[in-house]
Amino acid sequence: MKEKRFETEVVHAGYDSKDHLGSLSTPIYQTSTFTFDSAEQGQRRFAGEEDGYIYGRLGNPTVSALEDRIAALENGEAGLGFATGMAAVSATLIALTKANDHILCSQGLYGCTFGLLSLMRDKYNIQADFISMDTEEQIRQYIRPETSVIYIETPINPTMKVIDLEMVARVAKEYEIPVVVDNTFSSPYIQRPLDLGCDIVIHSATKYIGGHGDVVAGLLVGKEEFISEVAMTTQKDIGGAMSPFDAWLLLRGLKTLPIRMERHSDTAEKIVEHLKAHPNVEQVYYPFDRDNPDYHIAQKQMKLGAGVIAFDVKGGLKDAQAFLNQLSFLKIAVSLGDAETIIQHPATMTHSVVPEVDREKMGISNTLIRMSCGLEAWEDIWQDLEQSLNHMHMTQTN
Ligand SMILES: *Cc1c(COP(=O)(O)O)cnc(C)c1O
């Protein structure tokens, strides 16, 4: 079948109702194991000589539908579902490295990814460098003979810096180093790293893929060979497999991804303009803001700016906390990509595991706020932000 447009694939790819008694919605195969017709069939399945399901941790039809769908959306050969985004990150990094290797990372990473890298350094002497990846020369300078992965987040959480994926992929090819991209902040509707020459895509499906704040899950997309290696090693034996019900929630959430991303992005652009004009806001960070130094890279590789904004309020830590406490209906919570607008304070929340010196290098100050624009009316979102910004210095209790 000829490939369809994204908006059609997001609804149909990986599932045909004809194979499931005509069920329009993907059935939830809520089972831990699968029966064999004969002892010989069981033997063939375990030997890998016959396709078919064996046991829940090794595969499930509901999860498979989602895996095929995400692979189609990211233009990859195969997908793999995980219990959490971090299960996908850890299974990937452990599969790609051995003791004493080196990983080259973007400067600014999800807090727990940073935590995982610290653990791998302490346990297996795997070193990591965190660099801006602004130029080819800088990347070349940091590549070592033992560099086995280039690991990137873009836009970078939470500072919204953007890395030129095509450029990094070009350099990495010369050295035959795989490039892994955490595409959580964009979703495949906005950015497709494999099309830009990168090798592997990871999602915290908890965020935009699910989109409704009701599931924690992860996804991985890449070449068939790599995905089956992970499925048979670091997923099977470490065990972070996805549950069938979570896969079903994600299949449902995905159907509205394009519509949601348009709205999230539209709202974010409007809120950015208003934040920039407010006297109690020091600076705003958003990929599609014209004043963003990375604006042209963002325009080149992203369809839209997505829904996450970061901004520094004027003052110090107490002012940032007073601002959050003064909000009326907007919720203080970590995570992103939900229908509800949620706001958090990276220095004391998502990135509190990162030592202060590293936080400063990443641009995470004590006044930085990260906000995920939800699907509410943008005027209501702005009204709440504005009243809180207006009052934050008055309500602060020192
Ligand atoms: C949330 C997040 C993760 C981790 O995903 P979980 O589903 O919470 O395990 C990884 N990377 C980024 C960019 C995230 O936002």
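Cut-off values and rules
Residues numbered from 1 in each chain as written. Predicted model: local features only at pLDDT ≥ 70, side-chain atom pairs only at ≥ 80, totals over all residues. Heavy atoms only, no water. Near = heavy atom within 4 Å. Polar contact = N/O pair within 3.5 Å; in protein donor to acceptor, adjacent residues only side chain to side chain. Areas by Shrake-Rupley, 256 points an atom, 1.4 Å probe, with all protein chains shown as cover. Nonpolar A, V, L, I, M, F, W, Y, C, P; charged D, E, K, R; others polar. Pairing = 2+ DSSP bridges. Helix = DSSP H or I, 4+ residues; strand = E, 2+ residues; numbered from the N terminus. Contact = heavy atoms within 4.5 Å. Axes fitted to C-alpha atoms, helices over the stretch in contact; angles between N-to-C directions.

Once that is clear, we can look at the site of the ligand. With respect to spatial proximity, 13 residues lie near the ligand, and among them Met86, Asp182, Ser204, Thr206 and Lys207 are the closest. Within the side chain of Asp182, one N or O atom sits 2.6 Å away from a nitrogen atom of the ligand. Contact between the ligand and Lys207: an oxygen atom at 2.7 Å from a side-chain N or O atom of the residue. Here the ligand has 380 Å² of accessible area as a free molecule, and 92% of this is covered by the chains. For the shell around the ligand, the class distribution of residues is five nonpolar, five polar and three charged.

By definition, the strands of a sheet pair up through backbone hydrogen bonds, in either a parallel or an antiparallel sense. One open sheet holds the five strands; their spatial order is S8-S9-S12-S11-S10, and the pairing between them is mixed. Here the strands that pair on one side only, and so sit at the sheet edges, are strand S8 (281-285) and strand S10 (331-332). Here strand S9 (residues 308-313) pairs with strand S12 (residues 368-372) via five bridges, running antiparallel. What sits directly across from Ile309, in S12, is Met371. Strands in contact with helix H11 (residues 257-276) are S8, S9 and S12; relative to S9, the strand with the most contacts, it is inclined by about 10°.

Here we come to the sheet that holds strand S2 (residues 102-106). Spatially, the seven strands line up as an open sheet ordered S1-S7-S6-S5-S4-S2-S3, and their pairing is mixed. The sheet terminates laterally at strand S1 (78-82) and strand S3 (127-131), the two strands that pair on one side only. The average angle at which neighbouring strand axes cross in this sheet is 20°, direction not considered. With four bridges joining them, strand S6 (residues 200-204) and strand S7 (residues 218-222) adopt antiparallel strand pairing. What sits directly across from Ile202, in S7, is Leu220. Against the sheet, helix H5 (residues 111-124) engages S2, S3 and strand S4 (147-153), with an angle of about 145° to S3.

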